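# Architecture at a glance
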Amino acid sequence: MARIELWNGDICDLEVDAIVTAANPSLWMATGVAGAIKRAGGDEIEFAAVRQGPVELGSAIVTGAGRLAARAVIHAVSLDRDRRTSGPTIEAAVRSAMARARELEATGIAFPALGTGVGGFPLEEAARITVRAVRDELTRSPSLQDVIFALRGAAAYRAFQVALTESAAEPEPAGARAAMSTTPSAPGSGS
């Protein structure tokens, strides 16, 4: 059974198979979570991403993780060229990131709150969209054991906590096997 967890901290610190970052179609990693990943993991992450671009909005590509504890970075194209986004784009990017995680046979993946920083998308709505898409995609992701929403600050943590609570009250998608934990965990502890 896959665990869905919340963690208030830096996604760069997590020891999971893959971390997700918001990206734009050109895949440059200048700002937000992507910029933090590049600073922590090295320029080679951005170079490997840009070589695969440009890519379509809502898609995702994979690169190595440089000096990060993670094995791979999944660049989820959730921002347009003007760094704006929408609900359908966030959902498509989350689903694409989950598809790349399946290809990697990842057992653990960490997501930030896609589109809510430089994208300016409402945090509560992004949390609902992301949680719903992840829960649905888990039915097709047998290798995933841990999904961590790596959030920065109390507002993001609360928004995802509410979204997880609301989603737990909804009927489970056919074949769903997720357990929920809203206890903050230490980086890389997997629990």
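Everything that follows concerns the structure shown earlier in this document.
Residues numbered from 1 in each chain as written. Predicted model: local features only at pLDDT ≥ 70, side-chain atom pairs only at ≥ 80, totals over all residues. Heavy atoms only, no water.

Membership of the largest hydrophobic core comes to 40 residues, with the highest contact counts inside it found for Ile109, Phe111, Val147 and Phe149. It is helix α4 (residues 123-138) that provides the largest number of residues to this core, a total of 8 residues. Not counting residues up to four positions away in its chain, the partners in contact with Phe111 are Ile11, Val20, Val94, Ala97, Met98, Val134, Val147, Ile148, Phe149 and Ala150. (Core = buried A, V, L, I, M, F, W, Y, C linked by side-chain atoms within 4.5 Å. Buried < 20%, exposed > 50% of the residue type's maximum accessible area, 1.4 Å probe, protein only. Helix = DSSP H or I, 4+ residues; strand = E, 2+ residues; numbered from the N terminus. Contact = heavy atoms within 4.5 Å.)

What follows covers the packing of aromatic side chains. Following the criterion strictly, the structure yields 2 aromatic pairs and no others. Both rings, one in Phe111 and one in Phe149, keep their centres 6.2 Å apart while their planes meet at 45°; by these two values the pair is tilted. In this pair, Phe111 sits in strand β5 (residues 108-111) while Phe149 sits in strand β6 (residues 146-151), placing the two residues 38 residues apart along the sequence. Each member of the pair, Phe111 together with Phe149, is buried. Each ring, one from Phe149 and one from Phe160, has its centre 5.0 Å from the other, and the planes form 40°; the classification is tilted. Note that Phe149 is positioned in strand β6 and Phe160 in helix α5 (residues 154-169), a separation of 11 residues in sequence. Of the two residues, Phe149 and Phe160, both sit in the buried class. Through successive ring pairs, a cluster of aromatic residues spans Phe111, Phe149 and Phe160. (Phe/Tyr/Trp six-rings, centres within 6.5 Å; stacked < 30°, edge-to-face > 60°.)

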